[in-house]
Amino acid sequence: MATGIKDRVAILGMGCSRFGERWNASPEDLMVEAYGEALADAGVAPEQIDAAWFSTHMDDVGTGRGGTPLAIALRLPDIGVTRVENFCAGGSEAIRAAVYAVAAGACDIALAVGVEKLKDTGYGGLPVATVGTYIPQWYPNAVAPANFAQLAAAYRSRHRVDAALLKRAIAHVSVKSHANGARNPKAHLRNVITEDQVLKAPIIAEPLGLFDCCGVSDGAAAVIVTRPDLARALGKTDLVTFKALQVVASNGWEMQGSEWDGSYVHTARVAARRAYAEAGIADPRRDISMTEVHDCFSITELVTMEDLGLSEPGQAVRDVLDGVFDADGAVPCQIDGGLKCFGHPIGASGIRMLYEMYLQLLGRAGARQLPGPRIGLTHNLGGQPSQNVCSVSIVGLEGA
């Protein structure tokens, strides 16, 4: 019977490019920037890497399809490179493949890299992609802000939350993330904002205003993984290990009847429940030190706190306003600034989230370092509330 991957795979090294409007950097430049940092951190030679997974979504925006863009950019040593794409959760999918390959004994050292270069597309949000015939048939006029505005409306109705109170709570989500991102030299946006600015910003899709929406960006992130015994043999002492990796894809249940009311993300609840079982976490609010969640919109972060069991149903509004998820709160969220300040270069975001957990656990986060974190959680969501792929990953210090 499968027992999961808890403490079977360790992070050997990580790297992350600066995110932002990188007009003078190609996707290859961004990959090299992240990979170079990861390789130096891991302390291994390229020839020691056995296999690699490559996450990119908008494949025609200067990056290219298949595994060759990564293999060529990094001059990898004649190894297998597999491109993965799973909506906005592609970065976490690349991590999962590399970790599973090591846990299965198929290779000793594996690499996962995610990259996206979106500013060149000229879009304020995500560019129009080639989506085949399915999405135009079912969602002919769907856009991301409108989809998540419906999540806000359903949440407000389900829990009978006053509209002005919910607006204040999601404003606090954005104010908190900007305060965190201002202390991160790799973040795209480093400006502090006020609640008044958020509340008075132009509306994108009621109740979501300009500051409730994350932007797009250019960036890359990389992780090198191996077995804990091999990491120690390579001289590593303080190890960050994987406790759980769970991915759940919508199977159509949300839209087949009236059971789902649209006020939460079903896959997130399933993935979280399985991840906690795999990691042996009984009380997430007590046991999780910090989180990086998929804050594509501020309402998504607020609802996710309930989907992850960090707030009781209907209580996330009060918890957010009470500062539970602030940097000095009980369960800090988006310590690096999140998607709100990093933007969302799709293929890289999941690995960028893991990068912050890794830095925090090793005490390397500089001005934004939390006191003594032991367990970190990342939540990576691709798609929309009614149809999506959701990843929940848990990492921590070895033995935690």
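All figures in this text were calculated on a predicted structure; none of them were measured in a lab.

Enquirer: Looking at this structure, I do not really get the domain arrangement of the protein. What am I missing?
Expert: Considered domain by domain, the protein is made up of domain 1 (10–122 + 218–234) and domain 2 (142–213 + 243–395). Computed over C-alpha atoms, the centres of domain 1 and domain 2 are 24 Å apart. Taken residue by residue, the interface counts 41 residues in domain 1 and 26 residues in domain 2. When domain 1 packs against domain 2, close to 2700 Å² is buried across both sides, 70% of that on carbon and sulfur atoms.

Enquirer: Just checking my understanding: could you explain the state of the cysteines for this structure?
Expert: When the sulfur atoms of two cysteines share a covalent bond, that bond is a disulfide. Summed over all chains, the structure comprises zero disulfides. Cysteine cysteine 333 remains unbridged, with the sulfur of cysteine 341 as its closest cysteine sulfur at 12 Å. A relative accessible area of 0% places cysteine 333 in the buried class. Cysteine 341 forms no disulfide, and the closest cysteine sulfur to it belongs to cysteine 214, at a distance of 10 Å. For cysteine 341, a relative accessible area of 0% puts it in the buried group.

Enquirer: Would you take a moment to explain the pattern of salt bridges for this structure?
Expert: Pairing of side chains with opposite charge becomes possible as their charged atoms draw close. Throughout the structure, instances matching the rule amount to 22 salt bridges. Where glutamate 301 meets lysine 176, a salt bridge forms, and the shortest distance between an N and an O atom there is 2.5 Å. Taken as a pair, glutamate 301 in helix α12 (residues 298–307) and lysine 176 in helix α6 (residues 163–181) lie far apart in primary sequence, 125 residues in all. One exposure class covers both glutamate 301 and lysine 176, and it is buried. Each of the salt bridges in this network shares a partner with another, and the network as a whole consists of Asp108, Arg227 and Asp229.

Enquirer: Can you walk me through the nonpolar core in this structure?
Expert: General note: in soluble globular proteins, nonpolar side chains tend to be found buried as a group. Membership of the largest hydrophobic core comes to 54 residues, with the highest contact counts inside it found for Ile299, Leu302 and Ile394. Counting only elements with at least two residues in this core, the list comes to α5 (144–159), α6, β8 (240–249), α10 (266–279), α12, α13 (316–321), β10 (375–384) and β11 (387–397). At seven residues, the largest contribution of residues to this core is made by α10. Residues in contact with isoleucine 394, not counting those within four places in the same chain, are Thr241, Phe242, Lys243, Ala244, Ala275, Tyr276, Ala279, Ile281, Ile375, Gly376 and Leu377. Ile11, Trp53, Val102 and Met357 belong to the second-largest nonpolar core, a separate cluster that totals 41 residues.

Enquirer: For this particular structure, what's the right way to read the packing of aromatic side chains?
Expert: Aromatic ring pairs are defined here through the distance separating the ring centres and the angle between the ring planes. Taken as a whole and assessed by the stated rule, the structure comprises two aromatic pairs. Both rings, one in phenylalanine 19 and one in phenylalanine 342, keep their centres 5.1 Å apart while their planes meet at 80°; by these two values the pair is edge-to-face. One end of the pair, phenylalanine 19, is in the loop between β1 (10–16) and α1 (27–42); the other, phenylalanine 342, is in helix α14 (residues 338–342), and 323 residues separate them in sequence. Its relative accessible area of 1% is what places phenylalanine 19 among the buried residues. The ring of tyrosine 264 has arginine 269 lying over it, and the distance from NZ or CZ to the ring centre is 4.0 Å. The residue whose ring lies beneath arginine 352 is phenylalanine 342, and the NZ or CZ to ring-centre distance is 4.9 Å.

Enquirer: Teacher, can you tell me more about the UniProt feature "domain: Thiolase C-terminal" (unreviewed entry) in the protein here?
Expert: Within the UniProt annotation, "domain: Thiolase C-terminal" (unreviewed entry) is assigned to residues 257–392. Along residues 257–392, the helical share is 40% and the strand share 14%, with 26 Å between the first and last C-alpha atoms.

Enquirer: Help me out: how do you make sense of the packing of helix α3 (residues 90–103) against helix α15 (residues 346–361) in this one?
Expert: Between two packed helices, what matters for the description is the angle formed by their axes and the separation of those axes. Between α3 and α15, whose axes approach to 5 Å, the crossing angle comes to 65°. In this structure, α3 contributes Gly91, Ser92 and Ile95 to the contact, and α15 contributes Gly347, Gly350, Ile351 and Leu354. Grouping the constituent residues of the contact of α3 with α15 by class yields three nonpolar, four polar and no charged.

Enquirer: I tried to follow the environment of glycine 314 on my own but got confused; where do I start?
Expert: Structurally, glycine 314 is set in the loop between α12 and α13. For glycine 314, a relative accessible area of 19% corresponds to the buried category. Considering only alpha carbons, one finds glycine 314 and valine 303, eleven residues apart in sequence, at a separation of 8.9 Å. In this structure, glycine 314 is in contact with Tyr155, His159 and Glu306, ignoring residues within four places of it in sequence.

Enquirer: Honestly, the side chain of lysine 176 in this entry has me stumped. Any pointers?
Expert: On the basis of relative accessibility, which here comes to 7%, the residue lysine 176 falls in the buried class. A distance of 3.2 Å separates the side chain of lysine 176 from the side chain of serine 177, its partner in a polar contact. A distance of 2.5 Å separates polar atoms of two side chains, one belonging to lysine 176 and the other to glutamate 301. Discounting chain neighbours no more than four positions away, the residues touching lysine 176 are Glu301, Phe325, Asp326, Cys333 and Gln334.

Enquirer: Whenever I open this one, the packing of α5 against α12 confuses me. Can you help?
Expert: Across the interface, α5 lies against α12 with an axial gap of 9 Å and an inter-helix angle of 45°. With respect to their mutual orientation, α5 and α12 come out oblique. Of the two elements, α5 crosses α12, and the hand of that crossing is left-handed. Contact residues: Phe148, Leu151, Ala152, Tyr155 and His159 in α5; Ile299, Thr300, Leu302, Val303 and Glu306 in α12. Residue classes in the contact of α5 with α12 are distributed as seven nonpolar, two polar and one charged.

About the cut-offs
Residues numbered from 1 in each chain as written. Predicted model: local features only at pLDDT ≥ 70, side-chain atom pairs only at ≥ 80, totals over all residues. Heavy atoms only, no water. Domains from an automatic or database assignment. Contact = heavy atoms within 4.5 Å. Buried area = accessible area lost by both parts, 1.4 Å probe. Disulfide = S-S within 2.5 Å. Buried < 20%, exposed > 50% of the residue type's maximum accessible area, 1.4 Å probe, protein only. Salt bridge = Lys/Arg side-chain N within 4 Å of Asp/Glu carboxyl O. Helix = DSSP H or I, 4+ residues; strand = E, 2+ residues; numbered from the N terminus. Core = buried A, V, L, I, M, F, W, Y, C linked by side-chain atoms within 4.5 Å. Phe/Tyr/Trp six-rings, centres within 6.5 Å; stacked < 30°, edge-to-face > 60°. Lys NZ or Arg CZ within 6 Å of the ring centre and 35° of its normal. UniProt positions renumbered as here; feature names shortened; annotations may be inferred. Axes fitted to C-alpha atoms, helices over the stretch in contact; angles between N-to-C directions. Nonpolar A, V, L, I, M, F, W, Y, C, P; charged D, E, K, R; others polar. Polar contact = N/O pair within 3.5 Å; in protein donor to acceptor, adjacent residues only side chain to side chain. Parallel < 35°, antiparallel > 145°, perpendicular 65-115°, else oblique. Left-handed = near helix turned anticlockwise from the far one by under 90°.

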